[in-house]
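Architecture and fold: a report
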Amino acid sequence: MINGLGQRLQKQRVLRNFSQKEVSSFIGTSASVISNYESGERTPSVEILIALAHLYHCSVDYLLGIDKADTVKLLDVSMLNDEQYQLLQSFLLSLQK
């Protein structure tokens, strides 16, 4: 098991007031599997880690202990048309320079 993964999974679940059963329903597994992930008895697959990161709004790097930031700031751009999206992308790239 990856050091601290179970604790980070449990922290994110509790932080979002999810039960293990609710998480298992989202992931498509059983609550006992989620319990095993959190206790360190099992290691989730890459696909499950991605789904959990999506559910918990954090990065896989955070769950694995690579990145210490426990949240990812996301911006919903689904309402933008292609031109607006390109303008926003250009603007954000200009901020990185």
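First things first, this report covers the structure right here in the doc. (Residues numbered from 1 in each chain as written. Predicted model: local features only at pLDDT ≥ 70, side-chain atom pairs only at ≥ 80, totals over all residues. Heavy atoms only, no water.)

Between helix α1 (residues 5–15) and helix α4 (residues 46–56), the shortest axis-to-axis distance is 10 Å and the interhelical angle comes to 35 degrees. Viewed along their axes, α1 and α4 form a crossing whose handedness is left-handed. Every residue of α4 that contacts α1 at Leu5, Leu9, Gln12 and Arg13 is listed here: Leu49, Leu52 and Tyr56. (Axes fitted to C-alpha atoms, helices over the stretch in contact; angles between N-to-C directions. Helix = DSSP H or I, 4+ residues; strand = E, 2+ residues; numbered from the N terminus. Left-handed = near helix turned anticlockwise from the far one by under 90°. Contact = heavy atoms within 4.5 Å.)

Attention now goes to the nonpolar core. Leu9, Val23, Tyr37, Leu52, Tyr56, Cys58 and Leu63 are the most contacted members of the largest nonpolar core, which totals 16 residues. Where this core is concerned, the elements lending two or more residues are α1, α2 (20–27), α3 (31–39), α4 and α5 (60–64). Sorting elements by how many residues they give to this core places α4 first, with six residues. (Core = buried A, V, L, I, M, F, W, Y, C linked by side-chain atoms within 4.5 Å. Buried < 20%, exposed > 50% of the residue type's maximum accessible area, 1.4 Å probe, protein only.)

For the rest of this paragraph, the subject is helix α6 (residues 82–95). Helix length check: α6 (14 residues) gives 20 Å between terminal C-alpha atoms against 20 Å at 1.5 Å per residue, within 8%. Its side-chain oxygen placed 3.0 Å from the backbone nitrogen of Glu83, Asn81 serves as the N-cap of α6. (Expected span 1.5 Å × (residues − 1). Polar contact = N/O pair within 3.5 Å; in protein donor to acceptor, adjacent residues only side chain to side chain.)

Our next topic: a nonpolar patch on the surface. A cluster of nonpolar side chains, contributed by Phe91, Leu92 and Leu95, occupies part of the molecular surface with about 310 Å² of accessible area. Along the chain, Leu95 turns up in helix α6. (Patch = residues over 30% accessible without salt bridge, like charges linked within 9 Å, V, L, I, M, F, W, Y side chains within 5 Å. Areas by Shrake-Rupley, 256 points an atom, 1.4 Å probe, with all protein chains shown as cover. Salt bridge = Lys/Arg side-chain N within 4 Å of Asp/Glu carboxyl O.)

Okay, unusual backbone geometry next. Phi is positive for Asn17, which is not a glycine, with a value near 55 degrees. Positionally, Asn17 belongs in the loop between α1 and α2. A positive phi is found at His57, a non-glycine position, where the angle reads about 55 degrees. Within the secondary structure layout, His57 lies in the loop between α4 and α5. On the accessibility criterion, His57 (44% relative accessible area) is partly exposed.

A separate point is α2. Those residues of α2 lying buried are Val23, Ser24 and Ile27. For α2, the arc enclosing every buried residue in end-on projection is 100 degrees, short of the 170-degree limit, so these residues lie on one face. In α2, the exposed positions that point more than 90 degrees away from the buried face belong to Lys21 and Ser25. In this structure, the buried side of α2 is in contact with α1, α3 and α4. Of the residues trailing α2, Gly28 is marked for its positive phi of about 90 degrees. (Arc of directions from axis to C-beta.)

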